[in-house]
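Fold and geometry: a report
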Amino acid sequence: MNRDKRLSADDYLKQDVYDTASNGYIVLTLALALILNFLPLPNYILLFRPDFVVLTILYWCVQYPHKMGMSVAFIMGLMMDVANVNILGQHALAYCIAVYLTLILCRRLRLFNTWRQAPQIGFILFVMQTTMILIAVLGGFRFPGWEYYFATVSGSLAWIPISLLLSVPLKQKPDPNAL
Amino acid sequence: MKTAPPFFRHGPGPFAKLIVFTCLSCLLIVEDLRFKRFHEVRQIIGTVIFPLQRIAYAPTFIYDEVRNFIVHFNLLEENTKLRQQFLENQEYLLRFHTLEAENTKLRELLGAIERIEKSTETKTILAEILYTPRDPFSHKITLNKGIYHQVQLGQAVIDDKGVIGQITRIYPFSSEVTLLTDKNHSVPVQVLRNSLRSVISGTGKNNELELRYLSINIDIQPGDLLVTSGIGGVYPPGIPVAVVEKIEHSPSDDFSRIVSNPIAGVDRNRQVLILSMIQSSVEIPPEAKN
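Nothing here was measured: the structure is a model prediction, and the numbers come from that model. The numbering scheme is per chain: residues are counted from 1 as the chain's sequence reads. Working convention: letters from A go to chains and numbers from 1 go to ligands, in the order in which they are written. Reporting of local features is limited, given that this is a predicted model, to residues whose pLDDT is at least 70; pairs of side-chain atoms are given and counted only at 80 or more, and all residues count toward the totals for whole chains, interfaces and linings.

Focus on the nonpolar core
Nonpolar side chains tend to gather and get buried jointly when the protein is soluble and globular. Residue and element names in this part refer to chain A. Nonpolar core, as used here: buried Ala, Val, Leu, Ile, Met, Phe, Trp, Tyr and Cys residues forming one set through C-beta atoms within 7 Å. Partly exposed residues are those falling between the two cut-offs: more than 12 but fewer than 20 other C-beta atoms within 10 Å of their own, whereas 20 or more means buried and 12 or fewer means exposed, with C-beta atoms placed from the backbone. Counting residues in hydrophobic clusters, the biggest one holds 96 residues, and the most contacted among them are Ile57, Leu58, Tyr95, Cys96, Ala98 and Val99. For this core, the leading source of residues is helix α6 (residues 90-109), giving eleven residues. Once C-beta atoms have been placed from the backbone, residue pairs whose C-beta atoms lie within 7 Å are recorded as contacts. Discounting chain neighbours no more than four positions away, the residues touching alanine 98 are Val54, Leu58, Ile124 and Met128. Only DSSP runs of H or I reaching four residues or more are called helices, and only runs of E reaching two or more are called strands; each is numbered from the N terminus.

Okay, here's the thing in structure tokens:
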């Protein structure tokens, strides 16, 4: 790999420039993620469905660590707990831990492109799901089996399209008269 | 000495925040598991997310509408078929009426107390499944009828084949059903073949129920149909619950392990029926109420 590669002036002009996301846009994406999570689907699809809510939270966390924090993650987690009818606080705690890991890693994550971020997001999702399993097992539920971790794999794969999609409306249109 | 004001305004660091939120979550988890409190919190959040759940449900709703529209074209054919089925059922019903009359007479002969008619009289509410959770831990579903539609706690939920579960939480416009397969859910049943009474419980696995604490020499065979016994007053008697799949004897155990499969599509159906018993079969004496 050529590490000495510098951006030429031409490349520099071709770089994408993004607007800052407004709070309204962030709320809208979170609501959409919740709707995606609530879709009524057959059980075998549910096994592979990534958790869209946590992926959206993590995306905004990486992009704007000052706008997205644990309080939002906590509230979203409570909503998931009520909708999923499980222990109140299970998702909330797991989401907070995921956000904490992302806040620590966000400077590092922003150095990578989307493709290389995916495995690291996968690691965060793994820790998050393990937390959820621990809480459920301590709460007296049965261990759901290793297929529970399918969602980790699908989640880290879904990170790529989700982060591309979320950034599309923020992309600035190139102004031909700029220079 | 005065310290210089910071350049950037920071809140508490991430670790401090994590500790605060972890404590808050642990408090919620323990309270929820041990004391089942925070019912109001659930109610409020449930009402807030209800519109989102409705929107998520919209594609299914549209699909249904489109299918209904297509079905309109073969309505005539279906009508003939249904009429035929109605006639067949009518015959069964007639036979049922004669049997019922005969049964009453026999009961009178035996001097048995006539079963209270009202206890078998039920009112039904048709509901649709709004949401099934992704979580493999929770054997619960959400229905689209709630307090507003006169749904009450403890009502039985069935589909066209048998029992699905029981209503355990109600929100203004939706309600939660604990499925038969939930680990903490039990139904009083009896074996159709020999009227043996027992209680069937969920195991936490999909498609598996268990008859616990029955001795090894009990008269149960694979293939036996288990129906609700009506004891306890929640489920009306005679609704199919499960079919016995296998019976295992382990030499180290005093009881045999009897595994059975639920008959109703516990995780398949969309439309379900909420039953409400108008009157409990057991009348509580006034002394017991105080």
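Following the structure, the description resumes.
Describing the packing of α6 of chain A against helix α1 (residues 14-35) of chain B
Taken N-terminus to C-terminus, the directions of α6 of chain A and α1 of chain B make an angle of 170°; their axes are 9 Å apart at the nearest point. On the basis of their axis angle, the class for α6 of chain A and α1 of chain B is roughly antiparallel. Side by side, α6 of chain A and α1 of chain B meet where Gln90, Ala92, Leu93, Cys96, Tyr100, Leu103 and Ile104 of chain A of the first sit next to Pro14, Leu18, Phe21, Thr22, Ser25, Leu28 and Ile29 of chain B of the second. In this count, Pro and Cys sit with the nonpolar residues alongside Ala, Val, Leu, Ile, Met, Phe, Trp and Tyr, while Asp, Glu, Lys and Arg are called charged and the others, Gly among them, polar. In terms of residue class, the contact of α6 of chain A with α1 of chain B is built from eleven nonpolar, three polar and no charged. Axis definition: a line fit to C-alpha positions, over the contact stretch in the case of helices; interaxial angles, taken between N-to-C directions, run 0 to 180 degrees. Oblique is the label for every angle not falling under 35 degrees (roughly parallel), over 145 degrees (roughly antiparallel), or within 65 to 115 degrees (roughly perpendicular).

Quick look at the confidence of the model for chain B
On average, chain B scores 80 in pLDDT, and the residues at 70 or more come to 84%. Prediction confidence for the complex, expressed as pTM and ipTM, is 0.67 and 0.77 respectively. Every residue gets a pLDDT, meaning the predictor's confidence in that residue, from 0 to 100.

Re the pairing of strand β4 (residues 163-170) of chain B
Residue and element names in this part refer to chain B. Of all eight residues making up β4, six are buried, and the element is well covered by its neighbours. Two strands qualify as a pair provided DSSP detects at least 2 bridges between them. Both strand β3 (residues 156-158) and β4 contribute to a ladder of three bridges, which runs antiparallel. Within the sheet, the bridge partner assigned to valine 157 lies in β4 and is glycine 165. Counting the residues between successive antiparallel strands, the hairpin from β3 to β4 contains four residues. One ladder, built from five bridges, connects β4 with strand β5 (residues 175-179); its direction is antiparallel. Bridge pairing in β5 places isoleucine 167 opposite valine 177. Hairpin connection between β4 and β5: a loop of four residues separates the two successive antiparallel strands.

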